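# Summary of structural features
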Amino acid sequence: MLSSYQDRVLTCKDCGTQFVFTAGEQEFFASRGLMHPPGRCPTCRADRKARLGSERTSSSSNDSGYGRERSQREMHPAVCSNCGKDTLVPFLPRGDKPVYCSSCFEQVRSYR
Ligand SMILES: [Zn+2]
Ligand SMILES: [Zn+2]
């Protein structure tokens, strides 16, 4: 297939370096609907992309799901000292303290 594209030498508007805008790249640009040649050399473009990319990832990290997993506390199986029911407590139960299920915990707390 005959390509109408030819390698072009462009000058980076950021650092002034001359770089080759190859026929392949021109085709790639055209296929993405980009009609203007790049104004920056590949190095400066990568720099810019890295900067933009890091800004974007830092601002969107909130909805990545990591925070939710970290906030979920580890639950330990225990037996309620009041009603004897199996329950889960957010701390490691030790023998020296009574452990209550959530409903008994509410009762015990309301006594005080
Ligand atoms: Zn440059
Ligand atoms: Zn209980």
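Residue positions within a chain follow its written sequence, with the count starting from 1. Naming scheme: in the order in which they are written, chains are lettered from A and ligands are numbered from 1. Under the rules for a predicted model, residues below a pLDDT of 70 receive no local features and side-chain atom pairs below 80 are neither given nor counted, while totals for whole chains, interfaces and linings still include all residues. Side-chain figures throughout are based on the complete set of non-hydrogen atoms in the structure, without hydrogens or water.

The next subject is helix 1 (residues 23-31). A turn of α-helix holds 3.6 residues, and therefore any two residues three or four places apart point the same way. The complete set of buried residues in helix 1 reads Ala23, Gln26 and Phe29. Buried residues of helix 1, seen end-on, are gathered within an arc of 120° and therefore sit on one face of the element. Of the residues flanking the end of helix 1, it is Gly33, one or two places downstream, whose phi is positive at about 80°. Per-residue accessibility, obtained with a 1.4 Å probe over protein chains only, is compared with the maximum for each type, and a residue is labelled buried under 20%, exposed over 50%, and partly exposed between these values. Helix and strand labels come from DSSP, where a helix needs a run of H or I of at least four residues and a strand needs a run of E of at least two; each type is numbered from the N terminus. Of all possible arcs, the one meant is that of the directions from the helix axis to the C-beta atoms.

One number sums up the size of the largest pocket: a volume of about 280 Å³. If you go around the largest pocket, you meet 10 residues; those closest to its centre are Arg45, Ala46, Arg48, Lys49 and Leu52. Gly is placed with the polar residues, together with every amino acid not listed as nonpolar (Ala, Val, Leu, Ile, Met, Phe, Trp, Tyr, Cys and Pro) or charged (Asp, Glu, Lys and Arg). Grouping the amino acids of the lining of the largest pocket by side-chain chemistry returns four nonpolar, one polar and five charged. A cavity, in this analysis, means grid points on a 1 Å lattice covering only the protein atoms where a 1.4 Å probe fits yet has no way out; a pocket is instead an open set bounded by protein on both sides within 12 Å along at least five of seven lines, and a residue lines either one if it has an atom within 4 Å of a point. Grid points are joined across faces, edges and corners, and a volume is the space filled by probe spheres set on the points. Taken as a whole, the second largest pocket holds about 180 Å³ of empty space. Lining the second largest pocket, in full, are Thr87, Leu88, Val89, Pro90, Phe91, Lys97, Pro98, Val99, Tyr100, Cys101, Ser102 and Phe105. Only strand 4 (86-89) and helix 4 (102-111) provide two or more residues apiece to the lining of the second largest pocket. With three residues, strand 4 is the largest single contributor of residues to the lining of the second largest pocket.

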